[in-house]
Amino acid sequence: MLLKDKICVITGAASSHSIGRATAILLAENGAKIAVLDVHGGVVDAAAALAEQYPASGCMALQCDITSQEECEAARDAVIARFGRVDALIHSAGIMKPAKYNEISPAEYELVMGVNLRGTFNIVTAFATTMAAQKSGSIVNVASVAAQRGGGLFGGAHYAASKGGVLSLTRTLARELGSANVRVNAICPSLIATDFVSEAMSADRLDELSTAIPLGRPGRPEEVAGACMFLASDLSTYMTGATLDVNGGIHIH
Ligand SMILES: NC(=O)c1ccc[n+]([C@@H]2O[C@H](COP(=O)([O-])OP(=O)(O)OC[C@H]3O[C@@H](n4cnc5c(N)ncnc54)[C@H](O)[C@@H]3O)[C@@H](O)[C@H]2O)c1
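Residues numbered from 1 in each chain as written. Predicted model: local features only at pLDDT ≥ 70, side-chain atom pairs only at ≥ 80, totals over all residues. Heavy atoms only, no water.

Asker: Would you mind going over the environment of T194 with me for this structure?
Answerer: Relative to the elements of secondary structure, T194 occurs in the loop between β6 (182-189) and α7 (195-198). Along the sequence, T194 and P221 sit 27 residues apart, while their C-alpha atoms lie 6.8 Å from each other. When sequence neighbours within four positions are dropped, the list of residues in contact with T194 reads H17, S18, I19 and P221. (Helix = DSSP H or I, 4+ residues; strand = E, 2+ residues; numbered from the N terminus. Contact = heavy atoms within 4.5 Å.)

Encoded structure:
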């Protein structure tokens with residue numbers, strides 16, 4: 001088992017169709033002890049279901065709003081109190097708002113930046129501090145193809161900019177944390193069939209977009225989870241500051 005007894009925290013796992021949930025399942029199947037984190041109260045039921053299905057995972061729930069640095073640090077402390085250490089953070093929580101540049105209100109801009117960029121900084125630095133002290137750890141940030149190609153699929157300029165910030169943050173932290181043996185990498189998914197996408201576009205629009213994807217279909221959450229597991233695991237011990245595309249070929253560069 002690739003992650004036997006590794007302590008892994010997965011954010012954004014409340015919804016049963018999310019990338020976070022698919023990752024939590026895959027990691028639990030591969031022997032990890034897991035904690036699932038989300039602002040949504042449904043994370044408690046999600047953790048209970050995972051703990052029941054995968055008793056060895058000891059799955060714990062962390063209800064946490066990542067826009068709060070205090071809540072992120074409290075979540076980290078709860079993980080350490082329960083498991084004693086942390087080996088991987090897969091950070092998938094995020095929000096997406098479609099809007100043209102001239103329709104984005106200041107409040108909406110702050111909201112998207114607050115969750116996607118400030119929130120990433122808060123949760124990653126909370127766990128990075130502990131990993132640096134341990135002299136080991138792997139952090140995986142789920143960014144977006146929007147960061148690479150300048151939006152254009154869904155999500156407005158604020159969304160694309162926030163995810164561009166996540167890529168820059170990932171690379172900077174990879175540089176700063178390398179000497180502490182903490183790896184920081186990013187994943188850029190494209191169209192993945194989750195609630196995130198079904199709430200943002202019609203099935204017809206999804207079909208239309210699929211014709212532009214070389215693999216001819218949207219991705220599945222499990223297909224992003226596989227990349228997350230690879231970067232969390234010892235299969236990728238010489239990778240840091242990297243960006244993995246999980247996009248069906250829609251952006252090849
Ligand atoms: N689905 C896609 O097509 C796609 C494409 C590119 C990138 N992404 C990225 O993948 C990640 C996961 O997307 P998904 O499709 O699984 O979405 P999702 O909406 O199913 O899951 C996101 C989760 O983040 C949680 N969340 C939102 N704000 C939070 C906060 N302040 N604190 C803690 N948790 C919070 C939500 O409650 C939700 O459970 C996101 O970061 C998204 O930007 C998704």
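Asker: What's the story with the site of the ligand in this structure? I'm lost.
Answerer: Not every one of the 28 residues close to the ligand is listed here, only the nearest: D38, Y159, K163, I192 and T194. Side-chain polar atom of K163 to an oxygen atom of the ligand: 2.8 Å apart, as the coordinates give it. Between I192 and the ligand, the recorded distance is 2.8 Å, taken from a backbone N or O atom to an oxygen atom. Coverage of the ligand by the protein chains reaches 93% of its 830 Å² of free accessible surface. In this structure, the ligand is accommodated by the largest pocket. Listed by contribution, the elements that provide at least two residues to the shell around the ligand are α6 (157-177) and α7. Taken together, the residues of the shell around the ligand sort by class into 17 nonpolar, eight polar and three charged. (Near = heavy atom within 4 Å. Polar contact = N/O pair within 3.5 Å; in protein donor to acceptor, adjacent residues only side chain to side chain. Areas by Shrake-Rupley, 256 points an atom, 1.4 Å probe, with all protein chains shown as cover. 1 Å grid on protein atoms, 1.4 Å probe; cavity = no way out; pocket = protein on both sides within 12 Å on 5 of 7 lines; lining within 4 Å. Sits in = over half its atoms within 2 Å of the grid points. Nonpolar A, V, L, I, M, F, W, Y, C, P; charged D, E, K, R; others polar.)

Asker: Please clarify how the side chain of T23 should be interpreted in this entry.
Answerer: Relative to the helices and strands, T23 resides in helix α1 (residues 19-29). Here I19 takes part through its backbone oxygen, which lies 2.8 Å from a polar atom of the side chain of T23. Aside from chain neighbours lying at most four places away, what touches T23 is I10, I90, A225 and C228.

Asker: Even after reading the chapter, I still don't get unusual backbone geometry, so can you show me in this structure?
Answerer: Phi is mostly negative for residues that are not glycine, and the peptide bonds are mostly trans. One non-glycine residue, D5, adopts positive backbone phi at about 65°. Here D5 shows up in the segment before β1 (7-11). Judged by its relative accessible area of 43%, D5 is partly exposed. Although it is not a glycine, K135 adopts a positive phi angle of roughly 65°. Relative to the elements of secondary structure, K135 occurs in the loop between α4 (106-134) and β5 (137-142). K135 gets classed as exposed once you look at its relative accessible area, which sits at 51%. (Buried < 20%, exposed > 50% of the residue type's maximum accessible area, 1.4 Å probe, protein only.)

Asker: Just checking my understanding: could you explain the pattern of salt bridges for this structure?
Answerer: For side chains bearing opposite charge, pairing can occur when the charged atoms are close. Here the structure, examined in full by the defined rule, presents nine salt bridges. In this structure, D234 and K6 form a salt bridge, with 3.8 Å as the shortest nitrogen-oxygen distance. Of this pair, D234 sits in the loop between α9 (221-232) and β7 (243-246) while K6 is found in the segment before β1, placing the two residues 228 residues apart along the sequence. Exposure remark for D234: the relative accessible area of 52% places this residue in the exposed category. By relative accessible area, K6 is classed as partly exposed at 27%. (Salt bridge = Lys/Arg side-chain N within 4 Å of Asp/Glu carboxyl O.)

Honestly, it's all geometry; don't read function into it.
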